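# Survey of secondary and tertiary structure
Listed here are the chains, written in short residue letters.
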Amino acid sequence: AVIREFVHEMPATRVVLAAGARNNVPDEVASLAWQRVLLIGGDEPLRAVGDEIAAALGPWVGARISDTAQHVPTAAATAATATARRIAADGLVALGGGSAIGLAKAVALDTGLRILAVPTTYAGSEMTDIWGRTDGGRKTTGRDPRVRPVAVVYDVELTTGMPAGLTAVSGLNALAHCVEAAYDAQASPITRLLAVEGARLLATWLPDAVADGRELRARAEVQYGAHLAGTALGAARMGVHHSLCHILGGTFGLPHAETHAVVLPYAVAFNQTAAQAALAPLAAALDVNDVGIAATLWDLGRKVGAPRSLAEFGLTAHDAVRAARHLAEHHISNPRPVDPEGARELVLAAYHGKRPG
Ligand code: NAD
């Protein structure tokens, strides 16, 4: 018999999750003993929340950078680091989705400052040690424990204003974290538990959160699912799905969460046979048999009104083939080896957007 063995790290992040928890941000800053923070995020449409948090923090805020962009342009990171140094910040407060948290991570990487994150989407970056930067059409990502936030404040009330479209694709982005963590051969059983439960919550509650964004119960379940998803991603290696989405976002400028929403069913179909055993608990959580996961995820995408093909983003077939070539050149830890032919089939399937069989 095989005796269980694994390695699992428990990173020290304090997590506060409650409706209205944004009011705790000053207490959290106080308990971190910070004197002067750089507030990152809170641009439109989150300006009012940004103003509210800035007002509550009062003189703690040495400077505020509202403007954030996807995939952290290097110039923005350099400017934000300079601001942090100029005000002699001793902490970073990031409010927003993966873009605001990503900018804070870039500053953390440069300065060693720690982050308190207040996430407003389901991207999950607040729970990971993954940073990213884009320079001249090339996205670089890496992992570093310094960028993992020390505290995270989840307030479901900050998510009720997400439009249906953003809710759908951001939720599917989180679901993709769960899927890739679940089939990572090195993920610990604890990480798998997080991934499978995250997937169950997201698949169950996302349609309700999309149908009625003001419904707090559905929003809260999806937010918790996204928290589990980010935690699982932070403890697992990323496979073919995340690698392809990074290429499509970083080099071809495709929108982050939307691209994840399109690619997910095809990444699962690609790994179906190689990852059958690892996918079985996920199938059970989604209430399908394991050959049906890809199609079920595709159906969920249609149900929540997500985009279905890469072609919809204006990507050309020529660029899809180029992206596949980039993908096959990467060294990817994935259940099924990513050879040029398989990469091409995967990207072209996502390009066309037909229901996986
Ligand atoms: P985002 O942060 O770019 O936000 C998308 C849009 O939604 C923005 O216009 C934003 O202002 C708006 N928005 C955010 N929250 C809102 C709310 N509550 N109500 C209304 N509008 C809201 O998108 P994202 O998908 O959260 O993050 C994408 C970025 O994060 C990408 O650059 C991606 O690479 C990165 N990311 C990193 C990790 C990681 O672990 N490092 C994980 C996931 C995503």
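Residue indices follow the written sequence of each chain, beginning from 1 at its first position. Reporting in this predicted model follows two pLDDT cut-offs: at least 70 for local features of residues, and 80 or more for side-chain atom pairs to be given and counted; totals over whole chains, interfaces and linings ignore these cut-offs and use all residues. With hydrogens and water stripped out, all remaining heavy atoms of the structure feed into the side-chain values.

## With respect to the confidence of the model for the protein chain
This is how the line gets drawn: pLDDT measures the predictor's confidence residue by residue and takes values from 0 up to 100.
Here the protein chain shows a mean pLDDT of 97. Residues at 70 or above account for 100%. Across the whole predicted complex the pTM is 0.98, and at the interface the ipTM reaches 0.99.

## Structural notes on helix α2 (residues 47–57)
Note the threshold: With a 1.4 Å probe rolled over the protein chains alone, any residue whose accessible area is under 20% of its type maximum counts as buried; one over 50% counts as exposed, and the rest are partly exposed. Strands here are runs of E lasting at least two residues and helices are runs of H or I lasting at least four, both read from the DSSP assignment and numbered beginning at the N terminus. For this quantity, the arc is that covered by the directions from the helix axis to the C-beta atoms.
Those residues of α2 that fall on the buried side of the exposure criterion are Val49, Gly50, Ile53, Ala54 and Leu57. Considered in projection along α2, the buried side chains sweep an arc of 135° and stay on one side of the axis. Residues Ala48 and Ala55 are exposed on α2 and point more than 90 degrees away from its buried face. Just beyond α2, the residue with positive phi is Gly58, at close to 50°.

## Some details on the nonpolar core
Going by this rule: Throughout this description, the term nonpolar core refers to a set of buried Ala, Val, Leu, Ile, Met, Phe, Trp, Tyr and Cys residues connected via side-chain atoms within 4.5 Å. Contact between two residues is taken to exist if any of their heavy atoms lie within 4.5 Å; hydrogens are not considered.
In terms of nonpolar packing, the biggest core is built from 71 residues, with Leu248, Leu310 and Leu327 touching the most fellow members. With 10 residues, helix α5 (residues 164–182) is the largest single contributor of residues to this core. Setting aside anything within four residues of it in sequence, one finds Leu248 in contact with Gly253, Leu254, Thr259, Val263, Leu310, Leu315 and Ala323.

## Thoughts on the sheet that holds strand β5 (residues 115–119)
Test applied: What makes two strands pair is DSSP finding at least two bridges between them. Simply put, an axis is a line fit to the C-alpha atoms, just over the touching stretch for a helix, and the angle between two N-to-C directions goes from 0 to 180 degrees.
Spatially, the six strands line up as an open sheet ordered β1-β8-β5-β4-β2-β3, and their pairing is parallel. Edge positions in the sheet fall to β1 (14–17) and β3 (61–65), since each of these pairs with one other strand and no more. Here the average twist between neighbouring strands, direction ignored, is 15°. Here strand β2 (residues 37–41) runs beside β3; their pairing, made up of four bridges, is parallel. Bridge pairing in β3 places Ile40 opposite Ile65. With respect to the sheet, α2 is in contact with β2, β3 and β4 (91–96), its orientation differing from that of β3 by roughly 170°.

## What about the side chain of His260?
Along the chain, His260 falls in helix α9 (residues 256–271). We classify His260 as buried; its relative accessible area is 1%. Look past the residues within four positions of His260 in its chain and what remains in contact with it is Asn173, Ala176, His241, His242 and Cys245.

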